[in-house]
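Observations on chain architecture
The primary structure of each chain is shown beneath.
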Amino acid sequence: MTITRLPAPPTDSAVDAWHAVVRAAHLADLPGHVPAPGRVETEGRLRMSSVDARSVHVAAKAADGSYDGVASLVLFTDRSNRHTGFLDQLAVHPRARRQGVGTRLWAAVRDELVADNRTSVSAVVERGGPGEAFATGLGLSNALPLAWYVQKIQDALAAQPVRPALPDGYVHAHWTGVVPDALADAFAEAHNAMQDAPLGDVDQSVPPWDAVRVRKAAQVIVDRGGVILSSAVVHTASGADSVAAYTELVLRDPSDVRALQYDTAVVPAHRGHGLGRAVKRHMMDVVAAAHPGVREVATTVADENGPMLAVNEQLGYRRERAIGYFQTKL
C-alpha cells in the first residue's frame, strides 16, 4: 500500500477507484435507508473545490491499483479561515480496515496541514460509531453537536396541504441555479443573517457574503453536476425589494431521491412573522413540482438551535442520527 496524491484533474479510473471506497464505506457504516453517494457527486467533489478553498485528495493505493482508503482535505483561502482546514472525507474500504490505512491517511493529511501552516482542523463525524472512536483517538473532540433530520415530502404535504399566508408586503420567489441579477445583492445580504447561527466552539468563522460569492457558491454546485434550488420571501413594502428569508435545497446528483437542505435564514428585522416556516413550506411545493423523484429532504441542525428545531418539527422533520463537528488543534 502506498499513499498517493490525486492529480488535478483526476483520471476517470481514479474517480472510479475513489467512488468504490466511499460507496463501500457508506454501505458498511450507515443505516440502509440513507442513500449512498452517486458517482456524479464523487467526481464533482474531486474535480471542483468549494468557494474560497482549495482541496487536496490523497488515496491509499493497493498493489492491484484499487484504493484501500481515501481522504479529502479542504484548505480555506479566505483571510478569516486561513489558519484552519476541514477534513471533508476520510474513508477506508471495509476489506482494508484494521490494517493502519486510516492512520496513514491521517498522517498524510496532517502533513499537508502543517506544511501549509494550519493550526487546527475539523471534520463532521457520525456519533456513536467507529468514526467517532477513530476521531477521538486522534485527539479530535466534539465542538458542535448536531443531528440529521429527515422530512418525507409527500407525508409533509399531506399534513400541511395549504401554505401559510404571508403578511402584507411579502411575496414568494424561487429559482434554480444562480440567483437572478435583480436579487443578487439582497440575497447576499440575507446570507449574512447566518452569522448568528450556532457554531459552538468551532474554530472557524463565516466569511461575509456579497453578490459575487453567492453566485460562485451556486455555480460550484452546478459545475459539480448538481442542482441548487432557492426559495425566498421578498419584502416589497419598502419600495426596494429585499430578501427577508430564504432556504436552499441541493441535489448533488440530479437523480437523487434525497435532497439536502442547505442554509435557511430569516433576516433579524423580519423575524417573528413565521417566515422561516413559510419559506420552507414553499420550497416543498417547488421541489415536488420540479423534481418529483425526490422523496425526502435531509438537513443538519445544531442541538442548541432551538428555533430551527421547532420550525422543522412543525414541517414534519424527524431526527435520524447524531453527528458532530469535531476538531483538534495541531
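Relevant structure appears above.
Cut-offs used in this document
- Residues numbered from 1 in each chain as written.
- Predicted model: local features only at pLDDT ≥ 70, side-chain atom pairs only at ≥ 80, totals over all residues.
- Heavy atoms only, no water.
- Buried < 20%, exposed > 50% of the residue type's maximum accessible area, 1.4 Å probe, protein only.
- Helix = DSSP H or I, 4+ residues; strand = E, 2+ residues; numbered from the N terminus.
- Pairing = 2+ DSSP bridges.
- Right-handed = clockwise from strand over helix to strand, strands pointing away.
- Phe/Tyr/Trp six-rings, centres within 6.5 Å; stacked < 30°, edge-to-face > 60°.
- Lys NZ or Arg CZ within 6 Å of the ring centre and 35° of its normal.

**What about the pairing of strand 8 (residues 227-235)?**
For a regular strand, the rule is simple: side chains alternate between the two faces of the sheet. With 9 of its 9 residues buried, strand 8 lies for the most part within the structure. The alternating pattern of strand 8 places Val 227, Leu 229, Ser 231, Val 233 and His 235 on one face and Ile 228, Ser 230, Ala 232 and Val 234 on the opposite face, and all of these are buried. Sheet analysis places strand 7 (residues 170-176) next to strand 8, joined by 7 bridges and oriented antiparallel. In the sheet register, Trp 175 faces strand 8, and the bridge partner there is Ser 230. The pairing of strand 8 with strand 9 (residues 242-251) spans 9 bridges and is antiparallel. Bridge assignment links Ser 231 to a residue of strand 9, and that residue is Thr 247.

**With respect to the pairing of strand 11 (residues 296-302)**
Strand 11 sits mainly inside the fold: 6 of its 7 residues count as buried. Bridge count between strand 6 (residues 141-152) and strand 11: 7 bridges; the pairing is antiparallel. Its bridge partner being in strand 11, Lys 152 is matched across the sheet by Glu 296. With 3 bridges connecting them, strand 10 (residues 258-266) and strand 11 associate as parallel partners. Across the sheet, residue Arg 258 finds its bridge partner in strand 11, namely Glu 296. With respect to chirality, the unit in which strand 10 leads through helix 8 (residues 275-290) into the neighbouring parallel strand 11 is right-handed.

**A few points about the packing of aromatic side chains**
Across all of its chains, the model carries 3 aromatic pairs by this definition. Between the aromatic rings of Phe 187 and Tyr 246, the centroid separation amounts to 5.1 Å while the plane-to-plane angle is 75 degrees, which identifies the pairing as edge-to-face. Placement of the pair is Phe 187 in helix 6 (residues 181-191) and Tyr 246 in strand 9, with a sequence separation of 59 residues. Through successive ring pairs, a cluster of aromatic residues spans Trp 175, Phe 187 and Tyr 246. Against the face of Trp 209 rests Arg 213, its NZ or CZ located 4.1 Å from the ring centre.

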